[in-house]
Amino acid sequence: MNLSKSLASLLLTLGLCVSLRAESVLRFCIRSEPRTLHPLLVDDDASETIRYLTGGVLVRLNRKTQECEPALASSWRVAANGRQIDFVLRQRVRFSDGSPFGPPDVAYTIQQLMSPELHSPTADSFRTGPGDVHTEQTGPDSIRVTFPQPVAGLAALFDQVPMMSSRSPMKEKAVLGPYIIEDRKAGSFILLHRNPNYWERDASGHQLPHIDTIRLEIQQSRDSEALRMRRGDIDFVSNLDPDLFDHLVAEKKSDLTVNDLGASLDSELIWFNQTSTSHLPASKRAWFTDANFRRAVSIAIDRDEICRIVYRGHATPAAGPVSPSNHAWYNSHLDAQKSSIEVAKKLLASGGFREADGKLLDRSGNPVEFSLISNSGNRNHERMLAIIQQDLQKLGIHLNVVTLDFASLIERITRTYDYEACLMSLTNVGIDPNEQMNVWLSSAGNHQWNPNQKTPATPWEARIDQLMTQQAAASNPAVRKKLFDEVQMIVQEQHPFIYLVHPDVLAAYSKKVHNVNPALLRPQLYWNVDKQEITE
Amino acid sequence: MRIQAPSRSRLLRIVVIRQCAKVVLAVFLGGIAGAALARYSAGFGIDEREMDARRSSASIETIRHSRSEGADFAVFCFGFLRGMAHGELGYSTTLNRPVADLIRERIAVTVAEICEGLALAIVASSVLAGLTAMRISRVLGAVSELVASVSLCVPVAILGYLCLLLRVAPFWAVAACTFPHLFRYTANLLDLADRKNHVIAARARGVSRFRLHTMHRLLPCVPELLATLSLVVSIAFGSTIPIEFATETPGLGQLAWQAASSRDLALLCVLTMFTAALVLSASGVAEVSRVWYFGERGAE
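Residues numbered from 1 in each chain as written. Chains lettered and ligands numbered in written order. Predicted model: local features only at pLDDT ≥ 70, side-chain atom pairs only at ≥ 80, totals over all residues. Heavy atoms only, no water.

## So, the overall build of chain B
Thought 1: What chain B contains, in helices and strands, is 13 helices and 2 strands.
Thought 2: Taking 300 residues into account, the globule formula puts the C-alpha radius of gyration at 19 Å, and chain B, at 24 Å, lies well above it.
Thought 3: Once the C-alpha set of chain B is aligned to its principal axes, its extents read approximately 85 × 60 × 30 Å.
Thought 4: Once local pairs closer than 6 in sequence are excluded, the contacts in chain B between residues at least 24 apart make up 75%.
Thought 5: Split by element, the accessible area of chain B, about 15300 Å² in all, is 67% carbon and sulfur. (Helix = DSSP H or I, 4+ residues; strand = E, 2+ residues; numbered from the N terminus. Rg over C-alpha atoms; globule rule 2.2 N^0.38 Å. Contact = heavy atoms within 4.5 Å. Areas by Shrake-Rupley, 256 points an atom, 1.4 Å probe, with all protein chains shown as cover.)

See below:
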């Protein structure tokens, strides 16, 4: 009798414990409402976050090692010089609604992705030439995807392609990722709940993810986000402003880990308008198309000072388009420009510029003066503009600083070309140079200094076109690296973009979240979310 | 011969029709004007996704095409009005959703914020203006005046940030924005009423202080107070834009901010119309209730 009573009370206690176990909730902010929840139409950061947390992919790029790892595909093999990839899929994998996953779903996803009617931005990376993409089921759990032209870095591109169900009535709402969307309130939050059918298990055989719920707060302001972090309302902040970062460090909060992860993949850069269709005076166009002038401006700018004053030491002077954090593609032979007014003056003198009454005059006696536009409301840019203005003053160049709202700025640099020079941030999501094809090709719209050229305006742009095309078609990583190294060399010689700094990734996270393994690649803090745990 | 004054019900009918016509006209003109301002502002039709280096030229062209709605302003206006006639409010190109859905999801938040804020401001201003007018405490009068002045001087966005810092609901900021207007106007009206002959006579007859205040001072001021209320509704709605932006409240104010910064023509057009309708309806309701309450005298 006593035994049965004890057993009953034990069971009751256990039951109570189970029912009282609080749901673990991870909280962090996204900047805006996601524009779309369709995984193949993602083209903004908020939608990208949802896609990362809910989508299951064949291959996952490990953000820490920057290497591809098996996900829904247990193995893969790239063949035919990068035109073909064979996947072997995991068995007994189910979508969140219970429908099975197999080769037909991969074929369906590829077909949807490459459909011209869908206009998927993700598909752009796979389109290297005309022709159709073919899929062929090669076994009960294997599938072959064949592209019309070689695709460089093919396997890593599948990190961006969440698989969709060909059979589920829920269409793209049936997912294979660790979380599913449970609830959302417009402009306020999005609630994700763990996917009961998620395929991955931890070493001890427990189904992942460990965290039950993720609450994504929609928060535009970085200051408000930092305030919430201080109060413990959220668990992650991955892109802190240097000022706020130093405040958090100084506060020495016991429940927070604050980390400077090192140089990000992003760059701050300046370029001069070299567009032939712009209404620039001939004298100014002559300065801007003169490589010596661009080089002199680059050498005059004190990058160390920008790192020290603007970023409070949380930035790295930039040597070129690739950040030193991009281990695979960084050209280690390049060094960041050291500021030297003397060298800059010599360069200008060799180009026929001279100084008179503290003003720099060109060969025709025109005083050298130009305006530099940037986006308003960006504190770092405003401070950087002041430093650049001061540095160029030492050469006798009068710099007018103009800040515009982002839409007006983009209108000027992409449509009207009504500007002289521009300071902007370049955000790099991926590490592969193929993701920058539309920056480097002279015919591309994002070739900012002189876009949409019918034929390359200069021999060095023609050479960059050639190198970029060759590296995109090459399958050997060493060959690709060599070709892209030369691109970086040309960019440093010609300075079409004057790279200034790579800001550091400044992150803070709550100590109650375990297994956080911060990385430099996005998403820096939650890339291994399925393995993270929360203890209150 | 004697000219007969119109009856109260006829007068009321005239005022209602006049107010409705005013609202319809203002909504129409406001919508067109708002859309014109957005259409011809710098940065119209621009999408920051165009700057994504991963996109191909064809993909950028698709984005440009999707943002080209309104490039021909006359065509846009015609299409928009035709859609409205069929109950469609257009599509937000930046938020990628029907405008009607966006408004529906957020209207309750803003309306509640305005109602709570205004209720708080009305109660606070009436009580404080009344106590000041009754000359119960000089210190109270001075403090009320100081609070009103400070609230008037502080930028609305700062009030929003204060709410965020103090972890209080945004309606407190709405109340702080509208309180000075209500307080000052009510206090002035009561002060003026205090010098009127009927109040002096009532005081001489020994009418109690409370009765003197409510029946002889406050009641005759109701038409003017109603007119002020219609004014503060528009102030309250205007203030929700920076407040909701600062406090990250998912209401119409935040939506208006986003629409303006991204030049979202359809969304801006609808929000302008909505604001015009709200402000003029508030003033119309005040006008109609004044006529209903005071008849011919109220209409003057």
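## Considering the pattern of salt bridges
Residues and elements named next belong to chain A.
Thought 1: On inspection of all chains with the given rule, the structure shows 43 salt bridges over all chains.
Thought 2: With its nearest N and O atoms 3.3 Å apart, the salt bridge here joins Glu-33 to Arg-184. Linking Glu-33 in the loop between strand S1 (25-30) and helix H2 (45-54) with Arg-184 in strand S8 (residues 179-185), this pair joins segments that are 151 residues apart in sequence.
Thought 3: Owing to a relative accessible area of 11%, Glu-33 belongs among the buried residues under this scheme.
Thought 4: Arg-184 gets classed as partly exposed once you look at its relative accessible area, which sits at 31%. (Salt bridge = Lys/Arg side-chain N within 4 Å of Asp/Glu carboxyl O. Buried < 20%, exposed > 50% of the residue type's maximum accessible area, 1.4 Å probe, protein only.)

## Regarding the sheet that holds strand S4 (residues 73-79) of chain A
Residues and elements named next belong to chain A.
Thought 1: The 4 strands lie next to each other as S4-S5-S7-S6, forming an open sheet whose pairing is antiparallel. Whereas interior strands pair on both sides, the edge strands pair on one side only; in this sheet they are S4 and strand S6 (134-139). Looking at each pair of strands side by side, their axes are set apart by 20° on average, direction ignored.
Thought 2: Pairing geometry for S4 and strand S5 (residues 84-89), over 6 bridges, is antiparallel. Directly across from Val-78, in S5, lies its bridge partner Ile-85. (Pairing = 2+ DSSP bridges. Axes fitted to C-alpha atoms, helices over the stretch in contact; angles between N-to-C directions.)

## Brief notes about the state of the cysteines
Thought 1: Enumeration according to the criterion identifies 0 disulfides over all chains in this entry.
Thought 2: No disulfide involves B:Cys177; its sulfur sits 8.9 Å from that of B:Cys163, the nearest cysteine. (Disulfide = S-S within 2.5 Å.)

## Concerning the packing of aromatic side chains
All names here are of chain A.
Thought 1: If you walk through the whole model with that rule in mind, you get 32 aromatic pairs over all chains.
Thought 2: Centroid distance Tyr-198 to Trp-199: 5.8 Å. Interplanar angle 50°. Geometry classified as tilted.
Thought 3: With centroids separated by 6.1 Å and ring planes inclined at 35°, the aromatic side chains of Trp-287 and Phe-293 adopt a geometry described as tilted. Grouping residues by exposure puts Trp-287 and Phe-293 together as buried.
Thought 4: Three or more aromatic residues joined by ring pairs make a cluster, and in this case those are Trp-271, Tyr-419, Trp-440, Trp-449, Trp-460, Phe-497 and Tyr-499. (Phe/Tyr/Trp six-rings, centres within 6.5 Å; stacked < 30°, edge-to-face > 60°.)

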